[in-house]
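# Fold and geometry: a report
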Amino acid sequence: MCDEPTSALDVSVQAQILNLMCDLQDEFGLTYLFISHDLSVVRHMATRIGVLYLGRLVEVSEGKALFQNPQHPYTSMLLDAVPDLDMTGRARTQVVGEIPNPIDPPSGCRFHPRCPLANARCMQESPVLQPTAIGESACFAVEEGRREAPSTAAAGAK
Ligand code: SF4
């Protein structure tokens, strides 16, 4: 288990550590459970990704598919926050609001106070992981087919 193994390292040392980990993986057939807030590192290292919000898994997907077609609104908003020159001019949705207290989490879906797709059901019921086209997602908007790209939803609301 590797918990933030490259945080606080400069980029060149970070690359050396990641390359060493990949070499060790090839040589010894290792599996890593890799925990990171750095999505560029996750993209480089992971073959299967789980996205956590407030202690709950909200999305599980194969690596490339998650970055190309995120299902859960929180995943979409996280990816919107990554600087990317290819996305210049594209509408993005900011993750707004404060992170709730995990000791006293919000009712229903824990993401509902910050979610642009939240409705009354989201405030009362807690979604569980359900199969999607690319993996699994815990979201009523995905489940009910009323998911719109959050960027589009927010841009329309402006
Ligand atoms: S269940 Fe509702 S509040 Fe939670 S992420 Fe999905 S749409 Fe947003």
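Quick look at the overall build of the protein now. Helix and strand content of the protein: 7 helices and 6 strands. Written out in order from the N terminus, the α and β elements of the protein read β-α-β-α-β-β-α-α-α-β-β-α-α. Burial status across the protein gives 23% buried among its 158 residues. For the protein, contacts bridging at least 24 residues in sequence account for 48% of all contacts bridging at least 6.

So, on to the site of the ligand. Around the ligand sit Pro-73, Cys-109, Phe-111, His-112, Cys-115, Leu-117, Ala-118, Cys-122, Pro-127, Cys-139, Phe-140 and Ala-141, and those are all the residues in its vicinity. Its residues assigned to classes, the shell around the ligand comprises 11 nonpolar, 1 polar and no charged.

Attention shifts here to helix α1 (residues 11–28). In this model α1 runs 26 Å from its N-terminal to its C-terminal C-alpha over 18 residues, within 8% of the 26 Å that 1.5 Å per residue would give. Among the residues trailing α1, Gly-29 stands out with phi positive, at a value near 65°.

Looking now at the sheet that holds strand β3 (residues 48–53). Spatially, β3-β4-β6-β5 is the arrangement adopted by the 4 strands of the open sheet, whose pairing is antiparallel. Each end of this open sheet is capped by a strand with a single partner; those strands are β3 and β5 (130–131). Pairing of strand β4 (residues 56–62) with strand β6 (residues 135–137), which is carried by 3 bridges, proceeds in the antiparallel orientation. Its bridge partner being in β6, Val-60 is matched across the sheet by Glu-136.

Right, let's get into helix α4 (residues 73–80). Residues three or four positions apart in an α-helix share a direction because the helix packs 3.6 residues into each turn. The buried count for α4 comes to 7 of 8 residues, which makes it a mostly enclosed element. The set of residues buried in α4 consists of Pro-73, Tyr-74, Thr-75, Ser-76, Met-77, Leu-79 and Asp-80.

Across soluble globular proteins, nonpolar side chains have a tendency to be buried as a group. One finds Val-51, Tyr-53, Val-58, Tyr-74, Phe-111, Cys-139 and Ala-141 to be the most contacted residues of the largest nonpolar core, which totals 17 residues. Breaking this core down by element, the ones donating at least two residues are β3, α4 and α6 (140–143). Once you skip the residues sitting within four places of it in the chain, Tyr-53 turns out to touch Val-58, Tyr-74, Arg-110 and Phe-111.

Below, the discussion takes up unusual backbone geometry. Unlike most non-glycine residues, Glu-4 shows phi in positive territory, near 50°. Relative to the helices and strands, Glu-4 resides in the loop between β1 (2–3) and α1. On the neighbour-count criterion, Glu-4 (13 C-beta atoms within 10 Å) is partly exposed. Positive phi is not limited to glycine here, since Leu-54 has a value of about 50°. With respect to the helices and strands, Leu-54 occurs in the loop between β3 and β4. By C-beta crowding, Leu-54 is classed as partly exposed, having 15 other C-beta atoms within 10 Å.

About the thresholds
- Residues numbered from 1 in each chain as written.
- Predicted model: local features only at pLDDT ≥ 70, side-chain atom pairs only at ≥ 80, totals over all residues.
- Helix = DSSP H or I, 4+ residues; strand = E, 2+ residues; numbered from the N terminus.
- Buried ≥ 20, exposed ≤ 12 C-beta atoms within 10 Å, placed from the backbone.
- Contact = placed C-beta atoms within 7 Å.
- Near = placed C-beta within 6 Å.
- Nonpolar A, V, L, I, M, F, W, Y, C, P; charged D, E, K, R; others polar.
- Expected span 1.5 Å × (residues − 1).
- Pairing = 2+ DSSP bridges.
- Core = buried A, V, L, I, M, F, W, Y, C linked by C-beta atoms within 7 Å.

That's the geometry; what it means functionally is another story.
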